[in-house]
Amino acid sequence: MTTSLPVVRDVPSLRNEVAAWRGAGLKVGLVPTMGALHEGHLSLVRTAKEKCDRVVTTLFVNPRQFAPHEDFERYPRDEAGDAAMLAGAGCDLLYAPERAVMYPEGFSTNVIVSDVSTPLEGEFRPHFFGGVATVVTKLLLQSLPDTAFFGEKDYQQLQVIKRMARDLDIPVAIEGCPTVRESDGLAMSSRNAYLTADERRAAARLNQIMHDAIKAVRGGEPIAAAETEAARHVIAAGFASVDYVSIRDAESLAPITSLTRPARILAAAWLGKTRLIDNMAI
Ligand code: AMP
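Quantities reported herein were computed from a predicted structural model and do not represent experimental measurements. (Residues numbered from 1 in each chain as written. Predicted model: local features only at pLDDT ≥ 70, side-chain atom pairs only at ≥ 80, totals over all residues. Heavy atoms only, no water.)

Trainee: Quick question: what am I supposed to make of the environment of R125 here?
Mentor: Its place among the elements puts R125 in the loop between α5 (121–124) and α6 (128–143). A residue is classified by how much of its surface remains accessible, and R125, at 8% relative accessible area, is buried. Placed 55 residues apart in sequence, R125 and E70 show a C-alpha to C-alpha distance of 9.8 Å. Among the polar contacts listed, one links the side chain of R125 to the side chain of E70, at a separation of 2.8 Å. (Helix = DSSP H or I, 4+ residues; strand = E, 2+ residues; numbered from the N terminus. Buried < 20%, exposed > 50% of the residue type's maximum accessible area, 1.4 Å probe, protein only. Polar contact = N/O pair within 3.5 Å; in protein donor to acceptor, adjacent residues only side chain to side chain.)

Trainee: Just to check I follow, could you spell out the site of the ligand for this structure?
Mentor: The environment of the ligand is formed by 16 residues, the closest being M34, G151, D154, V180 and M188. In the environment of the ligand, an oxygen atom lies 2.9 Å from a nitrogen or oxygen atom belonging to the backbone of M34. Separating an oxygen atom of the ligand from a side-chain N or O atom of H41 is a distance of 3.0 Å. Taking 480 Å² as the accessible area of the ligand by itself, protein coverage stands at 92%. Among the secondary structure elements, those contributing two or more residues to the shell around the ligand are β2 (28–33), α2 (39–51) and β5 (147–151). A per-element tally of the shell around the ligand places α2 first, with 3 residues. Along the lines of polarity and charge, the residues of the shell around the ligand split into 8 nonpolar, 6 polar and 2 charged. (Near = heavy atom within 4 Å. Areas by Shrake-Rupley, 256 points an atom, 1.4 Å probe, with all protein chains shown as cover. Nonpolar A, V, L, I, M, F, W, Y, C, P; charged D, E, K, R; others polar.)

Trainee: In this structure, what is going on with the nonpolar core? I would like to understand it.
Mentor: In summary, soluble globular proteins display a tendency toward joint burial of nonpolar side chains. V56, Y95, V136, L140, M164 and I174 are the most contacted members of the largest nonpolar core, which has 42 residues in total. Among the elements that take part in this core, α6 stands out by supplying 8 residues, more than any other. Discounting residues that sit within four places of it in the chain, M164 has contacts with V111, V113, A133, V136, T137, L140 and I170. Core analysis: the next-biggest nonpolar cluster, separate from the first, contains 24 residues, L186, A202, A213 and I265 among them. (Core = buried A, V, L, I, M, F, W, Y, C linked by side-chain atoms within 4.5 Å. Contact = heavy atoms within 4.5 Å.)

Trainee: Even after reading the chapter, I still don't get the pattern of salt bridges, so can you show me in this structure?
Mentor: When charged atoms on two side chains of opposite charge get close, those side chains can pair. Counted by the stated rule, this structure contains 16 salt bridges. Among the ionic pairs, R264 bridges to E152, the shortest N-O distance being 3.4 Å. A residue pair is termed long-range when its members are at least 10 positions apart, and R264 in strand β8 (residues 263–271) and E152 in the loop between β5 and α7 (155–167) qualify at 112 residues. (Salt bridge = Lys/Arg side-chain N within 4 Å of Asp/Glu carboxyl O.)

Trainee: Help me out: how do you make sense of helix α3 (residues 79–88) in this one?
Mentor: Turn by turn, an α-helix covers 3.6 residues, leaving residues three or four places apart pointing in a common direction. Among the residues of α3, D82, A83, L86 and A87 are the ones counted as buried. For α3, the angular spread of buried residues about the axis comes to 135°, placing them on one side. In α3, the exposed positions that point more than 90 degrees away from the buried face belong to A80 and G88. Buried positions along α3 lie against α2, β3 (54–59) and β4 (93–95). Directly beyond the C-terminal end of α3, a positive phi value near 100° is found at G90. (Arc of directions from axis to C-beta.)

Trainee: What is the right way to look at the sheet that holds β8 in this model?
Mentor: Strand pairing within a sheet occurs via backbone hydrogen bonds; the two strands may be parallel or antiparallel. Overall, antiparallel pairing links the 3 strands, which are arranged β7-β8-β9 in an open sheet. Sheet topology places β7 (241–249) and β9 (274–281) at the edges, where each strand pairs with a single neighbour. Each adjacent strand pair in this sheet contributes to an overall mean axis angle of 10°, direction not counted. Bridging between β8 and β9 involves 8 bridges; their strand directions are antiparallel. In the sheet register, I265 faces β9, and the bridge partner there is M280. Along the sheet, helix α9 (residues 223–236) makes contact with β7 and β8, crossing β7 at roughly 150°. (Pairing = 2+ DSSP bridges. Axes fitted to C-alpha atoms, helices over the stretch in contact; angles between N-to-C directions.)

Trainee: What is the right way to read the packing of aromatic side chains from this model?
Mentor: Counted under the stated rule, the structure contains 6 aromatic pairs. Aromatic side chains F60 and Y103 sit 6.0 Å apart centroid to centroid with 55° between the ring planes, which places their arrangement in the tilted category. Here F60 is found in the loop between β3 and α3, whereas its partner Y103 is found in the loop between α4 (99–102) and α5, with 43 residues between them in sequence. Taken as a pair, F60 and Y103 share a single burial class, namely buried. Among the aromatic residues, those joined into a cluster by ring pairs are F60, Y103 and F107. One residue, R74, lies across the ring of Y194, its end atom 4.0 Å from the ring centre. (Phe/Tyr/Trp six-rings, centres within 6.5 Å; stacked < 30°, edge-to-face > 60°. Lys NZ or Arg CZ within 6 Å of the ring centre and 35° of its normal.)

Trainee: Even after reading the chapter, I still don't get the packing of helix α8 (residues 197–218) against α9, so can you show me in this structure?
Mentor: At their nearest, the axes of α8 and α9 sit 9 Å apart, and the two run at 160° to each other. When the axis of α8 is compared with that of α9, the two are roughly antiparallel. With respect to the hand of their crossing, α8 and α9 are arranged in right-handed fashion. Together, L206, I209, A213 and V217 of α8 and I223, A226, A230, H233 and V234 of α9 make up the contact between the two elements. In terms of residue class, the contact of α8 with α9 is made up of 8 nonpolar, 1 polar and no charged. (Parallel < 35°, antiparallel > 145°, perpendicular 65-115°, else oblique. Left-handed = near helix turned anticlockwise from the far one by under 90°.)

The following block contains the structure:
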């Protein structure tokens, strides 16, 4: 049985709910999303519910993190379906603001995080992290939870948000949660819904190729050679193009030439019109 989930759409209502819980000594967790929810999002909600007494999920397809040529208009939207899934996963409140609540007339502030935002996604989607850091700053300050939960699926985004919260003294703990995958290893993503049957089969190769690259560098293959080889295999698997396959320092995301510190492999590649990203610890 699914119970209906309370929804708020404005900042004062959100603040009242969260402040009342915290005033009563309850811990509050926040899970920001753009909706079109899947098991990956729900795992964040369940983790938040394990670690906190109350969970707020936010649903806002943030126009500022899409470039004009990207998929903002066709991004999947299903608030009623999302709300039912969230209620089943133990979420206590949905915050689903309209665009004018988040970006009222005259809105002119941008949160820009340097260094960790610059490479990889920052190079291929230069508008992206400014949009993400701005909306997440707003969501954290609007709700002021104890902890906010983000997926490692968007690993660079998680590092950017940690840096931003630290730099701006935002009093919210930022917690990363493991990537949830399909049975063939494909990282779950709202954008997987765009894939044709053939593309879906090819998509599963991305994580396998990354596993092979990890094995190779652990076995002593030079990092640059493993990156090149992996990119070649991604194309051979049927991807149209590769933005990057890169092995980086796990925290700063700076390039590395040896595995002396924790490292991460990160990839972004195109299947038709769909861009997939994935990453794994080395
Ligand atoms: P999105 O709605 O795609 O912006 O994602 C909202 C949150 O869910 C972000 O913190 C994502 O990193 C996280 N997320 C998305 N897909 C997954 C996944 N497969 N496993 C774990 N977390 C995920």
